[in-house]
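Residue strings, one per chain:
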Amino acid sequence: MKRYDLITPEGTKDLLFEDCAMRRSLEEKLSAIFKSKGYCEIVTPGLEFFDVFNLNSRYFPQESMYKLVDNKGRLLVVRPDSTMPIARVAATRLRDAELPLRLFYRQNVYRNKPVMRGRSDEIHQMGIELIGSDSKRADLEVLSSAIEVLSSLESDNFRFELGDIGFFRELVNKLDTDISTKEEIRSLIEVKNYPALNDLLDSIGDNEITNALKQLPRLFGGEEVLDKAAQLYNDEKINKIISDLRGIYNCLTQLGYNGKITIDLGIVNKLDYYTGVVMKGYLQGYGDAVLSGGRYNKLLAEFGYDVPATGFAVNVDAVAKVMKQSHTYSAPVADVIVYGEDGFVMEAIKYANKLRSDGLIVENSVFASYDETKAYAENKKIKKAVYVGKNISEENI
Amino acid sequence: MENEKRPLRIALTKGRLEKDTVALLEKIGYDCTAVREKGRKLILPVGDSIEVVLAKAADVITYVEHGVCDMGVVGKDTIMEMNGKFFELVDLGFGRCKFALAGKKGDNFYQGYNIKTIATKYPNVSRTFFEKKGMDVDIVKIEGSVELAPLLSLSDAIVDIVETGTTLKENGLEVFEDIAPISARLIVNMVSLKLRQQEIESLIKLIEENL
């Protein structure tokens with residue numbers, strides 16, 4: 001029988017010392033930002049019912065979820081996303097709470113990814129959700145918080161991108177074609193596959209809408225993108241989406257991150273609980289977005305509580321990977337090791353405690369001799385050893 | 001960080017696509033001497049602003065997906081088999097061939113109620129193709145000459161790349177059905193396109209003008 005007792009499952013890893021210290025320090029940094037804005041932390045269970053992630057707009061591909069069965073035969077999943085469970089909590093236990101709700105979380109999500117592609121199945125995420133307001137003020141709060149998070153991580157090397165899923169939805173819904181073709185158009189826009197998108201749209205027809213959709217994946221960059229978008233199609237709803245986005249963009253540029261805030265109207269995620277403004281954040285040195293989010297006004301209604309919401313999540317592991325290239329985090333090493341001679345062990349423990357109360361990190365020696373203690377201290381780079389016997393003496397290692 | 005100043009890194013699929021891409025880059029005006037006289041080196045400078053990395057097709061996708069290469073040239077066949085998250089910006093037009101379902105000449109593949117066995121180097125492409133038809137098939141992954149499988153009666157048919165069809169013909173096989181056209185694609189990492197938009201867009205413009 002082959003035993004798997006010495007390795008961790010595919011897509012998971014142990015986090016030791018420096019890596020752990022780095023994750024915790026990132027957590028503290030982001031928690032401090034979220035808390036200072038009045039967000040309260042919540043924790044949702046690691047296991048949820050499958051149904052939470054499998055209805056209309058909260059669709060998760062079932063092959064991407066880790067599943068198990070509870071003692072009543074019901075299907076459970078290991079949490080693949082935090083926003084949906086939080087929407088569930090907001091729609092149930094927080095239903096009578098004063099709006100808006102400001103919630104934040106730091107927990108793992110689990111997604112079954114193709115093996116051997118070098119990506120983790122277990123992702124440590126932190127994020128915020130602002131529930132109960134559809135106002136531009138709410139959008140600006142969440143967007144500017146996301147920018148603040150990115151700039152607090154890598155002030156020079158981040159990029160923040162803004163879009164509005166409504167632009168694509170309005171256009172594609174005017175097309176006289178079936179849902180699977182619309183989905184194909186969406187996926188081609190998402191991967192900016194210009195040639196295949198052109199072929200597909202040509203086969204549907206040559207009109208203002210197909211021409212606008214052809215341009216959609218190219219609509220990324222600075223404010224000029226919005227000017228181009230405005231010329232593509234003239235329609236009350238679309239004009240409003242563009243002018244709202246322009247308003248938001250102009251507000252955000254007042255934060256002063258010149259050139260770091262850009263627009264991409266081709267952000268059309270598969271995860272389609274988003275209904276309006278969407279965002280992505282990138283750090284130089286990681287090949288995928290490290291932050292993503294947006295407005296999801298219909299999601300809570302699916303849990304029976306019809307309120308609008310917006311939020312974002314940060315992939316903490318991805319950030320840690322980037323930070324490791326430029327920062328060193330070290331796990332703490334003891335300052336002193338205290339050895340107690342036979343008969344003086346309790347004296348040594350008391351002496352060590354006295355040193356700790358002065359703020360030092362102190363190890364109690366578990367070795368039988370002072371020489372072994374010093375050899376160990378040298379290997380571990382502990383700078384000072386203390387001998388406790390009839391006399392107390394210190395020496396630097 | 002180092003990334004800020006490093007040249008634009010392009011992963012090329014070793015072999016024919018590499019030669020066609022180098023020809024294209026030379027047509028645009030890049031000096032590709034280093035690639036032509038590469039010896040055993042795997043990372044090679046092209047002009048001052050580009051660095052070429054030579055890799056196997058599937059690895060091109062992996063490198064681009066992770067952002068360690070900004071762009072890549074890879075066949076649509078590998079993209080269809082591997083999937084992955086990247087932008088697929090340009091159909092380069094060279095390396096043209098097709099995916100096809102083929103088998104022994106004269107066989108009627110769809111006849112009968114038995115579950116068909118398919119031999120292929122491309123299990124994902126095969127599975128997707130038959131899924132769309134609502135057909136259950138047994139798929140056998142073969143690494144070398146797939147044409148052998150129907151000849152040795154291991155499979156009822158094969159899913160493979162067909163260029164001229166000569167190999168099929170010489171072995172008494174024929175194409176039953178075309179699955180998808182294939183050509184070389186220029187793929188771009190999702191973050192690189194945003195962080196190095198100007199460099200990448202101007203290179204793509206040059207490429208499109210010279211196709």
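Throughout this document, residue positions are counted from 1 along each chain, in the order its sequence is written. Here the convention is simple: chains get letters from A, ligands get numbers from 1, in the order in which they are written. It should be noted that, the model being predicted, local features are given only for residues of pLDDT at least 70 and side-chain atom pairs only at 80 or more, the latter also being counted only at that level, while totals for whole chains, interfaces and linings use all residues.

## Section: the domain arrangement of chain A
For the record, the criterion: Reported domain spans reflect what an automatic or database domain assignment gives.
As far as domains go, chain A holds domain 1 (8–153), domain 2 (158–283) and domain 3 (336–396). Measuring from the centre of the C-alpha atoms in domain 1 of chain A to the corresponding centre in domain 3 of chain A gives 44 Å.

## Quick word on the nonpolar core
To keep things clear, this is the line we draw: Joining buried Ala, Val, Leu, Ile, Met, Phe, Trp, Tyr and Cys residues through C-beta atoms within 7 Å gives a set, and that set is a nonpolar core. Residue burial is a threshold on neighbouring C-beta atoms within 10 Å of the residue's own C-beta, all placed from the backbone, with 20 or more meaning buried, 12 or fewer meaning exposed, and counts in between meaning partly exposed. By the criteria applied, helices consist of DSSP H or I runs no shorter than four residues and strands consist of E runs no shorter than two, each listed in order from the N terminus. Any residue pair is listed as a contact if its two C-beta atoms, each placed from the backbone, are within 7 Å.
If you look at the biggest cluster of nonpolar residues, it comprises 127 residues, and the most contacted ones within it are Ala-146, Val-290, Val-314 and Val-319 of chain A together with Val-64, Leu-186 and Val-188 of chain B. No other element matches the seven residues that helix H3 (residues 136–153) of chain A contributes to this core. With near-sequence residues (within four places) excluded, Val-64 of chain B lies in contact with Ala-11, Cys-69, Met-71, Gly-72, Phe-86, Ile-187 and Asn-189 of chain B. Counting residues in hydrophobic clusters, the runner-up holds 20 residues, among them Phe-99, Ile-142, Leu-173 and Ile-182 of chain B.

## Thoughts on the environment of Glu-363 of chain A
Tracing the sequence through the fold places Glu-363 of chain A in strand E16 (residues 362–364). The contacts of Glu-363 of chain A, once residues within four sequence positions are left out, are Ala-334, Ile-337 and Ile-382 of chain A.

## Quick notes on the interface of chain A and chain B
Note the cut-off: Each residue is assigned to one class: nonpolar for Ala, Val, Leu, Ile, Met, Phe, Trp, Tyr, Cys and Pro, charged for Asp, Glu, Lys and Arg, and polar for all the others, Gly among them.
Opposite the 20 residues of chain A that make contact, chain B presents 19 residues. Contributions of two or more residues to the side of chain A that touches chain B are made by strand E9 (158–164), helix H6 (194–204) and helix H10 (316–326) of chain A. Each residue belonging to the side of chain A that touches chain B can be placed in one class, and the counts come to five nonpolar, 10 polar and five charged.

## Remarks on the domain arrangement of chain B
Residues and elements named next belong to chain B. You can read the domains of chain B as domain 1 (2–95 + 183–209) and domain 2 (97–181). Here domain 1 and domain 2 have C-alpha centroids that lie 31 Å from each other. Domain 1 puts four residues into the contact, and the matching count from domain 2 is seven residues. Here the side of domain 1 that touches domain 2 is composed, by residue class, of one nonpolar, one polar and two charged.

## Topic: helix H11 (residues 345–357) of chain A
Residues separated by three or four positions in an α-helix point in the same direction, a consequence of the helix having 3.6 residues per turn. The test is simple: Expected helix span is taken as 1.5 Å per residue step, with the number of steps being one fewer than the number of residues.
For H11 of chain A, spanning 13 residues, the distance from its first C-alpha to its last is 19 Å, which sits close to the expected 18 Å at 1.5 Å a residue. Looking one or two places after H11 of chain A, you find Gly-359 of chain A, whose phi comes out positive at around 100 degrees.

## Considering helix H1 (residues 17–36) of chain A
Residue and element names in this part refer to chain A. Worth spelling out the cut-off: Read the arc as the range of directions from the helix axis to the C-beta atoms.
Here H1 is 20 residues long and its end C-alpha atoms lie 28 Å apart, about the 28 Å a rise of 1.5 Å per residue gives. Inspection of H1 places Met-22, Leu-26, Leu-30 and Phe-34 among the buried residues, and these make up the whole buried set. Each buried residue of H1 sits inside an arc of 100 degrees when the element is viewed along its axis, so together they form one side. The outward face of H1, more than 90 degrees from its buried face, is lined by the exposed residues Phe-17, Arg-24, Glu-28, Ala-32 and Ser-36. Buried residues in H1 make contact with strand E7 (101–110), strand E8 (122–131), H3, strand E14 (309–315) and H10. Two residues or fewer past H1, Gly-38 is found with a positive phi of approximately 85 degrees.

## Examining the sheet that holds strand E6 (residues 75–78) of chain A
Paired through backbone hydrogen bonds, the strands of a sheet run either parallel or antiparallel to each other. Residue and element names in this part refer to chain A. To keep things clear, this is the line we draw: When DSSP finds two or more bridges between a pair of strands, those strands are recorded as paired. Here the axes come from fitting lines to C-alpha atoms, over the contacting stretch only for helices, and the angles between their N-to-C directions go from 0 to 180 degrees.
Read across the open sheet, the three strands follow the order E2-E6-E5; overall the sheet is antiparallel. The open sheet terminates on both sides in strands that have one partner only, identified here as strand E2 (47–49) and strand E5 (67–69). Each strand of the sheet is rotated relative to its neighbour by a mean of 40 degrees, with strand direction disregarded. Bridging between E5 and E6 involves three bridges; their strand directions are antiparallel. Bridge pairing in E6 places Val-69 opposite Leu-75.

## Focus on the pairing of strand E11 (residues 184–188) of chain B
It is a general feature of regular strands that their side chains alternate between the two faces of the sheet. All names here are of chain B. Counting buried residues along E11, five of its five residues qualify, which places the element largely inside the surrounding structure. By the alternation rule, side chains of E11 split into Ala-184, Leu-186 and Val-188 and Arg-185 and Ile-187, which are all buried. Bridge count between strand E4 (residues 71–75) and E11: five bridges; the pairing is antiparallel. Residue Gly-72 lies in a different strand from E11, and its bridge partner there is Ile-187. For strand E5 (residues 87–91) and E11, the ladder comprises four bridges, and the chain directions are antiparallel. Bridge assignment links Glu-88 to a residue of E11, and that residue is Ile-187.

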